[in-house]
Amino acid sequence: MPVNHKKSPSLPPPASEVGIVVWVKKNLFSTYANGVMSLAAIVLILLLLPPLLDWAFFSATWSGSNRADCNEDGACWIFIANRIDQVFYGFYPAELHWRPNLAGLLLIGLTIPLFIKSFHYKNWLGAFILIIYPFIAYFLIHGGSFGLEVVSTTKWGGLMLTLILSAVGIVASLPLGILLALGRRSKMPMFKSVCVVYIEFWRGIPLITVLFMASVMLPLFFPEGSDFDKLLRALIGITLFQSAYMAEVVRGGLQAIPKGQYEASEALGLNYPKSMGLIILPQALKLVIPGIVNTFIALFKDTTLVLIIGLFDLLAIINLALTDSEWLGFDDEGYVFAAFVFWVFCFAMSRYSIALEAKLHTGHKR
Amino acid sequence: MKKITSTLLISSVLALAATSVSAGTLETVKSKGHVQCGVSTGLAGFSNADASGNWQGLDVDVCRAVAAAVLGDATKVKFTPLTAKERFTALQSGEIDILSRNTTWTLTRDGSLGLNFAGVNYYDGQGFMVSKAIGVKSALELDGAAVCLQSGTTTELNLADYFSANGMTYKSINYDTSDATIKGFEAGRCDMLTSDQSQLYSLRIKLENPSSAIVLPEVISKEPLGPVVRQGDDEWFNIVRWSLNAMINAEELGLTSANIDSMKTKSPAIERFVGGQGGKLGIDDAWSYNIIKQVGNYGESFEANVGLDTPLAIARGLNDLWSRGGIMYAPPIR
Amino acid sequence: MSELETVQKPSNPAVWNNPKYRALFFQALLIAGLVYFFYSVVDNTLSNMESRGISTGFGFLTEKAGFGILQSLVQFNEDSSYGRTFIVGLVNTGLVAVLGIFMATLLGFGMGVARLSNNWLVAKLATVYIEIFRNIPLLLQIFFWYFAVLAGLPSARNSMSLGLGIEFNVRGLYLPGPVAEPGFLITVVAFIIGFIALLFMRQWARKRQDETGQQFPVGWSSLILLIGFPLVVFWASGMPMSIEYPVLKGFNFAGGIAVVPELLALVLALTIYTGAFIAETVRAGILAVDHGQTEASLALGLKRGQLMKLVIIPQAMRVIIPPLTSQYLNLTKNSSLATAIGYPDLVNVFMGTTLNQTGQAIEITAMTMAVYLTASLLISSVMNWYNKKMAIVER
């Protein structure tokens, strides 16, 4: 009997298992209760989505120059367009916008190689970005040397200020956080208790009281005549506050390193700094990168609080625009736009953090 | 290693910080090259940043005058926007050199906050603004009303006094900033907004339809507003006080930024005004000339910022010179 | 070979190489540094305050405050002291925190379970909710719910009547309030008796189940004891309570229970924001329970409801509680953003108005921080206790 070795083509799944109707039935109306919930959900969507889309897109006004151009039924985005410079740069002089732009582009340009697999000098580049780049950015944005005109920090604002606050906050709090985390796991009781008290103190109080203290009371703690910039003081407050959270993230990483690693490095005769610096921390920090990104997201959102101490971050600029007597009554547009900007940043970062977690979590997953 | 270095670092930084010398405000200002001035977070006519971030207003001009007197350049001022809550702490802590933020002169503030009021640059009184729609003609009809106000001001205390004296009750919503206050009023959160009358006018133009609200005739308090400095630095106190006095005296003498160059020798009083006396205050002899030339006299500043030709349209009233029926009266420069 | 035979005696390490002394030295250095740090800060502060003539001490707490506060659950009027404003702010903060924690927990658990629902639409809706609201700054959400929504509400005169005497307008939400009349005490006593009976009943039911395996409908009987019994007593004693409806009087509604819009907006924003985080926590907790548990309990014949209540949730709780605690702490601390919309919480009243009237920043800030620190420590210790209790169940 001739044997047919050829594979017969796979048959399509039975008709009762495919098609939209079947999918809908399976996923939405599998049981009576499920059906009710689905219907409720559909009603909810129909109630919310069409008016929302209509307001934000179809009936919205996208071009024009003043109030009269606005369509009554929809969002009036020209309100935002009118202030877009302030939204991005605050009161930074318009003819000097190239400076923060350049700083931003430089950062993006420097970061790209970090994502290229075949690039070999990632550590050096990373160190450059963390240590040298901030100075370059400071000189570019603040000016004051190399013939650049000084732009005082009181003129910084908008999205630029939001990014600066959160980036500096996270970079500056990392080393302090690592020290605190190591201290909290130290066998020396004094170091341990000092670190525990520090961490619990900062984690126990609201950021707003920290900012208030930093903005108005800090100079009282120092001898008369010592003068700090207001932005710098806010940054000090944010960094001290954030380092406590950072310490807990890093501690999580330190705890996840198997005990064998500690014992092995001791057995190799490495002293404390070497065993930490060469064996434990590189592994632990790799583990906590997603945690750091999450902390960054939290900080990014928290920077909005600086408006309470009179710095003009993105939200404060929007608030300011909302009190412009020419453009009153655009609260929805203003807040929705600000929410959208924050959302895009936070959502992108949280996706990135999830992807990183999946990529990095290989070695220690049981 | 890290611990040792960090410990060393921290203690050395502290040692450095602890040994820096304390100096008077005048020296500090001269050495840093600018006057740090505390202003409001935005109050049209008094201190307000325009779209490009330049500050202007009646209170701002006082700071500019001090900068002109001390540094010879009215533009050498940096502004710190402060909420009502922050203002005294900011001044006490040394963050700012002058507080010029429509601040009322009271005994408590002079006596126990460690502050000194250097004079009055605007005589004000607390009033009420209500929406026309509720049809109220007098503040005495406002029993049971909800009131929007800015927290951390004398307004809160005056309001409580006024209502309890007249046997009325109220609910106050205390906002952080005047912007929030006017937004709450606009949204109808409260029946009336109370604040110094000058502020009521400057807030009213922030309404979508300014004519929909009226300012009631009652003035329930005295609110002399003026620049404030820290207590215990008499040299600086004098400079701020006489910078303001110079502006008022100049108006009395008829000196303006436009005519001061040509008027220099018109009368002995003007000669005295223009010609020096700065040494007695510890500053340059050209101080008064610089103020008038660069900032202008009090009347000029008033008209440019809050006067009848501005959206605020405030008449001089009490703030006119004593010789013209007001109570603006500055001690003579001699 | 010879090297092996020579016995090497460890040389006595120099003092500076002895780990014990080294540790002591570093710690002494740390203490010295800290002492110096705090000494110089305190010294600077004191000398700064003295040279600027700022008054110090807590004497201000007994002085008359002389201003009004929008909402106070404790007795407060213009004659009350500054110390009283502290209490009022504290209670108001507590109110927001408790309401927020309660509602955020409900919303969070609901959404967390919904995200795992096998109903595709429901799961996606929950996902959209979570991803949108946890990625938008809380302060922005508070501003939105307060300023943007407030502007759209009707005035007090055109108030929306939501039925049952509930009124909703720009001045807040007005609910009918119960007013107790003499004789109401009997109902209260009945409620307490019902509660005690309930405790006994539960103990008895558990014992019976342990001994005989028979289940007793605890849920329904609890409801009857706790609500039904007092209701019957209330009715039997002639309903000694009247309901006061809010009515428009002058400018505002009076009577009943008034919920100010500041509180509404704040609780709403805190609930929605924190709820999104709690939902993620809950989802992670449920996912952490091995699927075998579900299969095993279904094989044992447990119903879906029992499966959740008796098997999944108790195990998931162990994973959920630690992050849940930090969410509760966050919510409590975040309630301080109230100050941005004028809700009279601790930061707004005490660190705001009172600080500004008295100018005593150090004392007031220290007191405010102490409150939040205490609250943090309190919540985390309660949660630790609960966590321990849950952990003991592990076999």
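The notes below deal with the structure included here. (Residues numbered from 1 in each chain as written. Chains lettered and ligands numbered in written order. Predicted model: local features only at pLDDT ≥ 70, side-chain atom pairs only at ≥ 80, totals over all residues.)

Take the overall build of chain B next. When helices and strands are counted, chain B shows 14 helices and 14 strands. Relative to the 2.2 N^0.38 estimate, which gives 20 Å for 334 residues, the radius of gyration of chain B is 22 Å and therefore close to what a compact globule would have. Based on the C-alpha atoms only, the size of chain B along its principal axes is roughly 75 × 60 × 40 Å. Within the span of chain B, comprising 334 residues, buried residues form 56% of the whole. In chain B, once contacts between residues fewer than 6 apart in sequence are set aside, the share between residues at least 24 apart is 74%. (Helix = DSSP H or I, 4+ residues; strand = E, 2+ residues; numbered from the N terminus. Rg over C-alpha atoms; globule rule 2.2 N^0.38 Å. Buried ≥ 20, exposed ≤ 12 C-beta atoms within 10 Å, placed from the backbone. Contact = placed C-beta atoms within 7 Å.)

So, on to the interface of chain C and chain B. Counting residues at the interface gives 40 residues for chain C, matched by 41 residues for chain B. Elements with a contribution of two residues or more to the side of chain C that touches chain B: α2 (19–51), α5 (138–151), α8 (261–288) and α11 (346–358) of chain C. In the side of chain C that touches chain B, the residues fall into 18 nonpolar, 17 polar and 5 charged. (Nonpolar A, V, L, I, M, F, W, Y, C, P; charged D, E, K, R; others polar.)

Between chain C and chain A, the residue contacts involve 44 residues of the former and 41 residues of the latter. Counting only elements with at least two residues in the side of chain C that touches chain A, the list comes to α2, α4 (120–133), α5, α11 and α12 (361–392) of chain C. Top element by residues in the side of chain C that touches chain A is α2(C). It accounts for 10 residues. In the side of chain C that touches chain A, the residues fall into 30 nonpolar, 12 polar and 2 charged.

Residues and elements named next belong to chain B. Across the sheet, which stays open at both edges, the 5 strands sit in the order β10-β9-β11-β8-β12 with mixed pairing between neighbours. Each edge of the sheet is formed by a strand with only one pairing partner; in this case those strands are β10 (170–175) and β12 (213–215). Adjacent strand axes in the sheet meet at a mean angle of 30°, parallel and antiparallel pairs treated alike. Bridge count for strand β8 (residues 126–131) against strand β11 (residues 192–196) is 5 bridges, and the pairing is antiparallel. Paired with V130 across the bridge in β11 is M192. Where helix α7 (residues 178–187) meets the sheet, its contacts fall on β9 (145–150), β10 and β11, and the angle it forms with β9 comes to roughly 155°. (Pairing = 2+ DSSP bridges. Axes fitted to C-alpha atoms, helices over the stretch in contact; angles between N-to-C directions.)

Right, let's get into the pairing of β10(B). Residue and element names in this part refer to chain B. In terms of burial, β10 is largely enclosed, as 6 of its 6 residues are buried. Side chains Y170, S172 and N174 project from β10 onto one buried face, and the interleaved K171, I173 and Y175 project onto a second face that is buried too. Bridge analysis of β9 against β10 gives 6 bridges, and the strand direction is parallel. Bridge pairing links A145 to Y170 in β10. Note on the crossover from β9 through helix α6 (residues 154–165) to β10: the handedness is right-handed. (Right-handed = clockwise from strand over helix to strand, strands pointing away.)

On to α11(C), then. Residues and elements named next belong to chain C. Between the first and last C-alpha of α11 there are merely 16 Å, a value that for 13 residues lags more than 12% behind the 18 Å anticipated at 1.5 Å per step. Of all 13 residues in α11, 13 are buried; the element is thus mostly enclosed. Two residues or fewer after α11 comes G359, characterised by a positive phi angle close to 75°. (Expected span 1.5 Å × (residues − 1).)

It is worth spelling out the sheet that holds strand β1 (residues 160–161) of chain C at this point. All names here are of chain C. With antiparallel pairing, 4 strands are arranged side by side in an open sheet as β1-β2-β3-β8. Two strands in the sheet have a free side with no partner beyond their single neighbour: β1 and β8 (257–259). The pairing of β1 with strand β2 (residues 167–169) spans 2 bridges and is antiparallel. Bridge pairing links M160 to F168 in β2.

By themselves these figures say nothing about function.
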